[in-house]
Amino acid sequence: MDGTVELLPDRRALDGLGRNHSLRTALADLVDNSIDAGASHVLIRFIRKAGRLRGLYVVDNGRGMSAARIDVAMTLGGRRDYAEKDLGSFGIGLKAASFSKAKLVTVLSVAAGHAPVGRRLEADSNKRGFHCDLVTEAFAKSELSRDWDIPWSGTGTVVRWDEVFGFPATDDTDRVEEFIARSMAEIINHLGLILHRIIEQGRIEISLDVEDVDQNLVGPRSRVNSIDPFGYVKPGKAGYPKELRAQQGDLPVVFRCHIWPARSRMPEFSLITGAEKHQGLYFYRRSRLLQAGGNWDGVSVPARERQLARVEVDIDGLPTALVAMNPEKSRVQVGPDFASLAASAVADDGSTFADYLSDAEERFRASRKRLRARKAMIPPGRGFAPLLKRVIRDEIPMQGQQIPITMRWIRFDRAHRDDFFRVDRTDRVLWLNERFRPLSKSGRRGSNDAALLKSLLYLLMEQAFTGEYLGVRDRDNIELWQEILSTAAKVDAGE
Ligand SMILES: Nc1ncnc2c1ncn2[C@@H]1O[C@H](COP(=O)(O)OP(=O)(O)OP(=O)(O)O)[C@@H](O)[C@H]1O
Ligand SMILES: [Mg+2]
């Protein structure tokens, strides 16, 4: 060699960063930074101007940054000392997340005992070199002191994205509203899931809103609630969750194996894309979920029968040759020894991964079998809330070719004033007496109201709609139900 030269990266390097990010994973990276900064509150705010979505803010009340710190923060691969709990690790998160979604990122921050500081980076390939713009103290101050409405004790950080990619290029109100609603739901679900342990520990509160700059209006605030992918009430099988242990050198690796109850409709089970897609391994690092199942990383393969199986693995301290996270922290990569390590894991009772998987499969099959043994019924139709319809269709085999049963409220004529219902077998309608219609708690009375009453009536009376004609027994039953239900309704009404 004949000496060294320093080769500064070109700013084009920014373009390639964070290509695997979606809006929700990019925001997760910024929220990670806020958590590392000890923030108790984070606000994600969409900015709307002249009808169009223009930018986005992530604001926290963490410890903030001094001028020296913020320069490191804006540096690609900028290094700091990471503490035990820190989510940060590569020194690229902020830059990669920001430039995957925006052309311009501005960071404004104030730390205790320091003046407010600000820096701006632009992913603009016309400029050469790796320069960062200094923001005036006055601007930093004004951005930091906007009305963010989060608890504030003098320190914190604002990350601002301008010229965001992927926002709809329109001021059409419906489309913008739809985009906001969808994005917010995705972000709330994603953050609630990956940060569920940290939220449950009470370390952070995250909320989202939209500001309309022209109208000087901030919309209602949505809060991120934790979504625990292991949050069932009772496990699908007794004896679970079960811990299987393996040894990687001196390090214990624990596989916490769960079996969900069959056909759960909890959002914690269905998550975002349906339960089947979320079987498998859930890797956590420093309490943050990196990967929400999706596959078995060589330990097994995804299959319908294994949809109740989810395994919790904490990877803290494990060598990256065994498991490594991707820079976006949205996946892990397992090494070649991982599958055999898992296969060597055993529980206190001597059972193995294979035993666990067959327990989960057996549980799933048993629940299917029970379902098939149930007698097929006429499907519920109009008048039933969509969720109720779905549950009924999930739980009971349906006579698919039959016209569904409708339930509707109507004013009964004088002669039938006291009747509770009327069966119309030809059109498959169960008419319900408007006079006895219960008031809903929300005060709204849509046509899909009174789910509890309707589901009971459905279970009780579905039979009255089957068959060519009404048998003597059915007729007698209908009279009996009529008598009892209308008396009950009158008792409830205090008549
Ligand atoms: N909201 C914030 N409050 C205080 N400091 C921050 C904030 N965001 C970023 N920083 C500082 O900027 C540095 C760089 O952040 P960046 O996300 O790029 O990397 P990292 O968090 O260190 O590692 P990783 O690439 O794993 O995210 C952080 O280490 C932190 O010191
Ligand atoms: Mg980071």
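Up top is the structure.
Residues numbered from 1 in each chain as written. Chains lettered and ligands numbered in written order. Predicted model: local features only at pLDDT ≥ 70, side-chain atom pairs only at ≥ 80, totals over all residues. Heavy atoms only, no water.

Our focus in this paragraph is the overall build of the chain. On a plain count of helices and strands, the chain comes out with twelve helices and 19 strands. A compact globule built from 495 residues should have a C-alpha radius of gyration of about 23 Å, whereas the chain, at 29 Å, is more than 25% larger. Once the C-alpha set of the chain is aligned to its principal axes, its extents read approximately 105 × 65 × 40 Å. Out of the 495 residues belonging to the chain, those deemed buried represent 48%. Expressed as a percentage of contacts within the chain between residues at least 6 apart in sequence, the contacts between residues at least 24 apart total 67%. Of the roughly 25500 Å² of accessible surface on the chain, a fraction of 50% belongs to carbon and sulfur atoms. Averaging the locations of the 74 positively and 68 negatively charged side chains of the chain gives two centres separated by 4 Å. (Helix = DSSP H or I, 4+ residues; strand = E, 2+ residues; numbered from the N terminus. Rg over C-alpha atoms; globule rule 2.2 N^0.38 Å. Buried < 20%, exposed > 50% of the residue type's maximum accessible area, 1.4 Å probe, protein only. Contact = heavy atoms within 4.5 Å. Areas by Shrake-Rupley, 256 points an atom, 1.4 Å probe, with all protein chains shown as cover. Lys, Arg positive; Asp, Glu negative; His and termini not counted. Charge placed at Lys NZ, Arg CZ, Asp CG, Glu CD.)

Close contacts around ligand 1 come from 19 residues, with Arg80, Tyr82, Ser89, Gly93 and Lys329 the closest. One of the backbone N or O atoms of Ser89 is found 2.6 Å from an oxygen atom in ligand 1. Across the complex, the protein chains shield 95% of the 590 Å² of accessible surface that ligand 1 would expose by itself. Secondary-structure elements contributing two or more residues to the shell around ligand 1 are helix 1 (23-36) and helix 3 (93-101). (Near = heavy atom within 4 Å. Polar contact = N/O pair within 3.5 Å; in protein donor to acceptor, adjacent residues only side chain to side chain.)

Further remarks concern the sheet that holds strand 10 (residues 242-248). What the five strands build is an open sheet, ordered 10-11-14-12-13; its pairing is mixed. Each having just a single partner strand, strand 10 and strand 13 (288-292) make up the two edges of the open sheet. Looking at each pair of strands side by side, their axes are set apart by 25° on average, direction ignored. (Pairing = 2+ DSSP bridges. Axes fitted to C-alpha atoms, helices over the stretch in contact; angles between N-to-C directions.)

With mixed pairing, the three strands of this open sheet are ordered in space as 17-19-18. The open sheet has two edge strands with one neighbour each: strand 17 (406-410) and strand 18 (421-424). When strand polarity is set aside, the average angle formed by the axes of neighbouring strands in this sheet is 20°. Sheet topology note: the strand 17/strand 19 (residues 429-433) ladder contains five bridges and is parallel. What sits directly across from Met407, in strand 19, is Leu430.

Side chains carrying opposite charge are able to pair once their charged atoms draw close together. Here the structure, examined in full by the defined rule, presents 28 salt bridges. Note that Arg221 and Asp209 form a salt bridge whose closest N and O atoms lie 3.2 Å from each other. Note that Arg221 is positioned in the loop between strand 8 (217-218) and strand 9 (222-223) and Asp209 in strand 7 (residues 205-212), a separation of twelve residues in sequence. Between Glu361 and Arg306 there is a salt bridge whose closest N-O contact spans 2.6 Å. You can see Glu361 sitting in helix 9 (residues 353-373) and its partner Arg306 sitting in the loop between strand 13 and strand 14 (309-314), a full 55 residues away along the chain. (Salt bridge = Lys/Arg side-chain N within 4 Å of Asp/Glu carboxyl O.)

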